[in-house]
Amino acid sequence: MKDNNCAYCMQGELVEKFGYPVGKMPSGYLYIFKEQSKMGRLILAYKDHVSEIVDISDEERNQFFEDVNKVAKAIHKIFSPSKVNYGMYGDTGCHLHMHLVPKYEGGDEWGSTFTMNPDKKYLKENEYEEMAKILRRELKI
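Residues numbered from 1 in each chain as written. Predicted model: local features only at pLDDT ≥ 70, side-chain atom pairs only at ≥ 80, totals over all residues. Heavy atoms only, no water.

Under an unreviewed UniProt entry, the name given to the chain is HIT family protein, and the source organism is Lachnoanaerobaculum orale.

Right under this line is the structure:
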């Protein structure tokens, strides 16, 4: 099921405003969050338009969290953060998705909650693509 007003469902201009596509995983689609003040920040968006984790079956939920775990392992291997923070938001943008946010001791917002969009650091198109290639290789997607 898709929603024509949802950035994740449309996978076009709406999502491109904040996300760079990496690829499809069994439970959904992986994106690089374009604002990269936390280098390696990613979003895993569920494959269907559902609002709540309770709207999917146990099997689907387990697959989603298996994919989150695979992505987290890739973040640790590629970017070597001190910690990865996880966030699920959607009061108004109601599509199930998980932000995986690497945090670096002594770095931006270390020791506090991460800001949704601090609007501090953006990469060039080729830098997003290079990051996406590394992630695709590591995740085999």
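### Details of the nonpolar core
Most often, soluble globular proteins keep nonpolar side chains buried together rather than apart. Grouped together as the largest cluster of nonpolar side chains are 27 residues, with contacts concentrated most on Leu30, Ile32, Leu42, Val71, Ile75, Leu100 and Leu135. By residue number, the principal contributor to this core is helix H3 (residues 58-79), which donates seven residues. Once residues lying within four places of it in the same chain are set aside, the contact partners of Leu42 are Leu30, Tyr31, Ile32, Phe33, Val71, Ile75, Met98, His99, Leu100 and Leu135. (Core = buried A, V, L, I, M, F, W, Y, C linked by side-chain atoms within 4.5 Å. Buried < 20%, exposed > 50% of the residue type's maximum accessible area, 1.4 Å probe, protein only. Helix = DSSP H or I, 4+ residues; strand = E, 2+ residues; numbered from the N terminus. Contact = heavy atoms within 4.5 Å.)

### As for the UniProt feature "domain: HIT" (unreviewed entry) in the chain
Mapped onto this numbering, the UniProt entry gives "domain: HIT" (unreviewed entry) at residues 42-110. Between the end C-alpha atoms of residues 42-110 there is a gap of 18 Å, over a span that is 32% helix and 25% strand. (UniProt positions renumbered as here; feature names shortened; annotations may be inferred.)

### A few points about the pattern of salt bridges
Under the criterion given, the structure shown has seven salt bridges. Note that Glu66 and Lys70 form a salt bridge whose closest N and O atoms lie 3.5 Å from each other. Of this pair, Glu66 and Lys70 both sit in helix H3, separated by four residues, roughly a single helical turn. The class for Glu66 is partly exposed, based on a relative accessible area of 39%. For Lys70, a relative accessible area of 37% gives the class partly exposed. Among the salt bridges present, the one from Glu129 reaches Arg136, with a minimum N-O distance of 2.7 Å. Connected via shared salt-bridge partners are Lys38, Asp108, Glu109 and Lys120. (Salt bridge = Lys/Arg side-chain N within 4 Å of Asp/Glu carboxyl O.)

### As for the environment of Thr115
Secondary-structure assignment places Thr115 in the loop between strand E5 (97-103) and helix H4 (125-139). Reaching out from Thr115, the side chain makes a polar contact with the side chain of Glu109 at a distance of 2.2 Å. (Polar contact = N/O pair within 3.5 Å; in protein donor to acceptor, adjacent residues only side chain to side chain.)

### Thoughts on the sheet that holds strand E3 (residues 42-46)
Here five strands make up an open sheet; going across it, the order is E1-E2-E3-E5-E4 and the pairing antiparallel. A single partner strand is all that each edge strand has here, and the edge strands are strand E1 (19-25) and strand E4 (83-87). Strand after strand, the sheet turns through a mean of 25° between neighbouring axes, direction not considered. Lying over the sheet, H3 contacts E1, strand E2 (28-33), E3, E4 and E5, oriented at roughly 20° with respect to E5. Sheet strands in contact with H4 are E1, E2 and E3, and its direction is about 15° off that of E1. (Pairing = 2+ DSSP bridges. Axes fitted to C-alpha atoms, helices over the stretch in contact; angles between N-to-C directions.)

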